[in-house]
Structures are given as C-alpha cells and as structure tokens.
Amino acid sequence: GLLNLAKAEPVVKVGVDTTFPPFEMQEHGKVVGFDVDLVNAIAKAEGFKVEWHTMDFQGLIPALQTGTIQMAVAGMTITPQRAQVVYFSKPYYHSGQSILVKKDSPIKDLADLKGKTAATKLGTTADIMLSKMKDIKVERFTNIDDAYNQLQNGGAQAVVFDNPVNINYAKTHKNVHTVGKLLTGEDYGIAVSKQDPRLLEKVNAGLEKILQNGTYLKLYRKYFGD
Ligand code: GLN
C-alpha cells in the first residue's frame, strides 16, 4: 500500500542487489556497502526506518512496480527506459562501463572483442550495450562473481561491467586489470516506486542534506578514497 509518511518513523522497504561490491554486498550475513550507508544516512536525515529486501538485480524494478518494495538501491543507472516505470532520485554517483581482462591478454578495447566472449551481469546496462554488438558473444550471469570466474577459467576473454566494480575485483585479483577508456558515462540513482512521489521528495531532500553536511564525502572516502 501507500507509504504513510505522516506516521512517526515510517518503515520503508528497500530492495538491494548484494552482488555489486563495494556498493552492496553481504558480509557475515549482513547487507553492507556504500549504497547501504548512503540510504541509511538519508533515512536518518529524513526520519524514516529502512527494511532491507535482498533480490536479484533483474527483480528490483518489477518489485517496485508491484509494491513489494518502495525503493531500490543497487548502483542502478538512470536510463530513459527505466525512468518510464520508476522514479529516480537526483544522481548520486558518476560511473561507466569498463573492460576487465587478464594482464597477459592482447585485448585493449571493444574492437578487440570481435569474435570473442564477454561475460557480464544479466539485465544490466552492460548487458544492454553488449547485446547490440553482433560480433561479440555475450554470457550473462545473475551474480557478477560468476562472470569473473568465467574470465578466470578461460570461458570468457573479458568481463564488461561497471568500472568501480571491476576495479574492486582487480584489487584482490592481481592477474587482471581494466583496459581502455570508459565505454559509457552513467549516473546512478535511487529508484522509487511511482506510487510514492512523496518518498522521492524525501530521498532527494535527504541526499541534498548529506551532500551539504559532509556525510556523503565521508562515505565516498570510506569506500573509494585512498
Ligand atoms: N549500473 C548497472 C545497471 O544499472 C549495474 C547495476 C547492478 O548490477 N547492480 O544496470
């Protein structure tokens, strides 16, 4: 049903895809990451409580449409197609796609992927982009870890995915690196059900507050700063 924001400390059901580190991941059974801290900070600033609902990336927009959740945070790229069916907050993170390969690979850019296999995550902007390229064979996985494993075991010659997640993987796997320029420019937004325009206002107001008061910068440094 509709969210009653007049109630003291309303509870907002937030969908999250926990296979997008360092934005969202599971640690000791808990949902953690930049996006999680971000939404918790917004909720605190705007006086609502958060109930986390873990699901596949593919399931988030349908769950917003049916009302199972009221909000979703998943490093979700703001696209015109998605914006037809859900609201997006103001952008909170600028990103783009990159190519991850083994360090001994001759692949340097998208053109080198002709006739090769690229692994990625199902239903993401990387999937949508790769699907338009007839010369590249695409393998799609629900969990991005399976795409990285496919690269490691030689089943794919590259992973094409959101650059910060590729970089995060390369930090702990020294045999791979990203190559070339970013393939896209994308902005992440928090998705809100079209049933809840007032929740969208709260999310944008909270985001503005934490950008102003230094909380956003603190979180950014915690997850991305060196
Ligand atoms: N940014 C990408 C998209 O929106 C990937 C998001 C994700 O895998 N959680 O499609």
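Parameters and conventions
Residues numbered from 1 in each chain as written. Predicted model: local features only at pLDDT ≥ 70, side-chain atom pairs only at ≥ 80, totals over all residues. Heavy atoms only, no water. Near = heavy atom within 4 Å. Polar contact = N/O pair within 3.5 Å; in protein donor to acceptor, adjacent residues only side chain to side chain. Areas by Shrake-Rupley, 256 points an atom, 1.4 Å probe, with all protein chains shown as cover. 1 Å grid on protein atoms, 1.4 Å probe; cavity = no way out; pocket = protein on both sides within 12 Å on 5 of 7 lines; lining within 4 Å. Sits in = over half its atoms within 2 Å of the grid points. Nonpolar A, V, L, I, M, F, W, Y, C, P; charged D, E, K, R; others polar. Helix = DSSP H or I, 4+ residues; strand = E, 2+ residues; numbered from the N terminus. Contact = heavy atoms within 4.5 Å.

**What to know about the site of the ligand**
Surveying the vicinity of the ligand reveals 14 residues, the closest of which are Gly75, Arg82, Lys121, Thr125 and Asp162. Contact between the ligand and Asp17: a nitrogen atom at 3.1 Å from a side-chain N or O atom of the residue. Contacts to the ligand include Asp162, whose side-chain N or O atom sits 2.6 Å from a nitrogen atom. For the ligand, whose free accessible area comes to 300 Å², the fraction covered by protein is 100%. Taking a 2 Å distance to the grid points as the criterion, the majority of the atoms of the ligand fall inside the largest cavity. For the shell around the ligand, a count of residues per class yields six nonpolar, four polar and four charged.

**Looking at the side chain of Thr77**
Tracing the chain through its elements places Thr77 in the loop between β5 (71-73) and α3 (80-83). A distance of 2.7 Å separates the side chain of Thr77 from the side chain of Glu186, its partner in a polar contact. The residues touching Thr77, leaving out its near neighbours within four places in the chain, are Arg82, Phe88, Thr125, Asp162, Glu186, Asp187 and Tyr188.

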